[in-house]
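# Architecture and fold: a report
Here's the letter readout for the chains.
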Amino acid sequence: MRAPLRPALVLGLCAALAPLAAAQWNPSSGQYGKEDATDLRIMTWNVQDAICSTNDKTNVSLSDWDAVARMIAALRPDVLILQECGDNSGNGTGSGVDSVSTLTTVAGMLLHGGLDTFHGSTPITAWVQKYAPTFDMPYIFASASNDGFNRNMILSRYPFGDVNGDGVTQVSDFFQLADLYSPGSNGGIRGHMTAEIDLPDATYACDVIVGNSHLKSGGTAGDKADRLTAAKNIAYYVDAQFNGLGTSGADPNNKILSPNPTLLPDALTFFVTGGDLNEDELTNGTKGPADWISQAAGGANDGTDRDRTDMTYDASTQVFSGSRATIGSSAKFDYLVWQDSIATLRRSFVFDSADVFGGGGTPALPPEFNGFLIPSIVTSSASDHRPVILDLIVPLVGGPCNTAATDLGNGKAGTGGLVPLFTVCGELSTGNTADFKLEDARPLSNAYLVLSFVAGFLPFQGGVLVPLPDVILGPVPTDGNGEILLPGVTGGGGPIDVYMQWVVLDPGAYLGKAMSNGEQVHYLP
């Protein structure tokens, strides 16, 4: 039988129950920027051949080039991973696939404008900085791998750099021998590219390694097998190259022949990958690519997160309609996957300009769409895919503070795709206190704090309940900014760990309940 939670601990939390404040992005006003400037925004988008040398680079009526520029300017990612780039044949404006150098030049034209040297040096009349003059992603990596039609690209606000000291910053694809669950070979027909990104040291206590994939399309058994082979290889590559398969050194089994890893990243450098995986994990009826990349074989302590738990893949939806579709009317083929033991989800969403008009009331589109002939179809004019955007709370110099607990992830999004964030700042030893804070929850909603000495990780209302539900405190109302602060919770009585998680009543969440990340809270003697 489990021991009951200590009365003093529960009373201390009850005495501390009280609300507080802060939130910013406002889609209802056409604002889709980051809520916090220090969050890291990653965006994946299959641009359906719009970025290629032969395309018309003007703002002619309903131009796909113009629509792509406006979309990027409105959403302003820190890191943008793109698929289906450089395919002149696919765009119907030329033939063949652009070389790496040509595609890099074209990406620069998309960002900065100038003269189109591929069309007789005519002026470019649509480009990202025309619509967002202060925004730039000057660091461009076009993959050397292609399928004869297109390439993948990574664009970044921040410079590429050797973050682990092994002399490698950019990889177009890997090659490895079979081992464990990995069949061996590479990341699929277009490769799996990675770029190491050096975040500003004055702000961030971490760096990031970003991956990008465009897996085999099609619905045949062979197509599905190709996707699974690539996903298994990617999972092994991530775990061996960046996690050391749980050891202290990269590729301990010596199976990765290229890029021949030698050093692991530091403890706060995290990995995030994504792309067009060409399979809907919710409807495929099996363990598909997103599951493999995030979980590997799915056994205990063999996941692809830095701590060998599972990485998380996004469950993004469109802001107003709640649709999860990134292509067509219902399918989600596009995913982002990240190491949640280091980076915490603030928000993720699918963006579709048509979604704004379906949201009721007066449409409020981003100002970057002003002047487009039919603003509601900017997204569909750009591509047959919709982008997925991920805002991550990452380790900062001097914060965010979570000193008295270990973040166990498993948050579940609520209204607007926002995942409530739970932190515990201070020290829970005798004579000391900590502040328990919930933020990014739905404003003016009731929340419940679930506590247990035991971690359950139980399926609950479309999410995961980290503690076993031994004690439930509440309801506690969030304030007008969606926050709750329990200040000065008293410490002592340990050493003992208590598992805690907030559940928020939220009609905008799947099944009506949003959930914060779980915390393993450390009570000390």
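Residues numbered from 1 in each chain as written. Predicted model: local features only at pLDDT ≥ 70, side-chain atom pairs only at ≥ 80, totals over all residues. Heavy atoms only, no water.

## Focus: the overall build of the protein
- Assigned secondary structure in the protein consists of nine helices and 27 strands.
- Its C-alpha radius of gyration of 23 Å places the protein within 12% of the 24 Å reference for a compact globule of 525 residues.
- C-alpha extents for the protein along the principal axes are approximately 75 × 60 × 45 Å.
- Here the protein, with 525 residues, has 56% of them falling under the buried criterion.
- Within the protein, contacts between residues at least 6 apart in sequence are counted, and of these 71% link residues at least 24 apart.
- Element-wise, carbon and sulfur atoms account for 55% of the exposed surface of the protein, whose accessible area totals about 18800 Å².
- Each charge class in the protein can be summarised by its mean position, and for the 28 positive and 55 negative side chains these summaries are 4 Å apart. (Helix = DSSP H or I, 4+ residues; strand = E, 2+ residues; numbered from the N terminus. Rg over C-alpha atoms; globule rule 2.2 N^0.38 Å. Buried < 20%, exposed > 50% of the residue type's maximum accessible area, 1.4 Å probe, protein only. Contact = heavy atoms within 4.5 Å. Areas by Shrake-Rupley, 256 points an atom, 1.4 Å probe, with all protein chains shown as cover. Lys, Arg positive; Asp, Glu negative; His and termini not counted. Charge placed at Lys NZ, Arg CZ, Asp CG, Glu CD.)

## Observations concerning the sheet that holds strand 6 (residues 151–156)
- Taking strand neighbours across the sheet as the criterion, the six strands line up as 5-6-2-1-16-15 in an open arrangement whose pairing is mixed. Of all strands in the sheet, those bounded by a partner on one side alone are strand 5 (139–142) and strand 15 (344–350). Pairwise comparison of adjacent strand axes, ignoring direction, gives a mean angle of 15° for this sheet.
- Judged from the four bridges that link them, strand 5 and strand 6 form a sheet pairing that is antiparallel. When the bridges of strand 6 are listed, I140 appears paired with L155.
- Packed onto the sheet, helix 4 (residues 100–112) meets strand 2 (79–85), strand 5 and strand 6 and runs at close to 145° relative to strand 5. (Pairing = 2+ DSSP bridges. Axes fitted to C-alpha atoms, helices over the stretch in contact; angles between N-to-C directions.)

## Details of the pattern of salt bridges
- Considering all chains together, one arrives at 19 salt bridges under this definition.
- Of the charged contacts, one joins R157 and D78 as a salt bridge, the two residues approaching to 2.5 Å between their closest N and O atoms. You can see R157 sitting in the loop between strand 6 and strand 7 (170–171) and its partner D78 sitting in the loop between helix 2 (64–75) and strand 2, a full 79 residues away along the chain.
- According to the relative accessible area criterion, D78 is buried, its value standing at 0%.
- In this structure, E483 and K437 form a salt bridge, with 3.9 Å as the shortest nitrogen-oxygen distance. With E483 in the loop between strand 23 (471–477) and strand 24 (484–490) and K437 in strand 19 (residues 433–439), this residue pair connects regions lying 46 residues apart in the sequence.
- Using a relative accessible area of 24% as the deciding quantity, one classes K437 as partly exposed.
- Counted as one network, the salt bridges with shared partners bring together E35, D39, R346, R347 and D440. (Salt bridge = Lys/Arg side-chain N within 4 Å of Asp/Glu carboxyl O.)

## Topic: the confidence of the model for the protein
- Averaged over the protein, the pLDDT score is 91; the fraction of residues at 70 or greater is 94%.
- The model gives residues 18–23 a pLDDT under 50, and that stretch makes 20 contacts with residues more than four places away or in other chains. (pLDDT = per-residue confidence, 0-100.)

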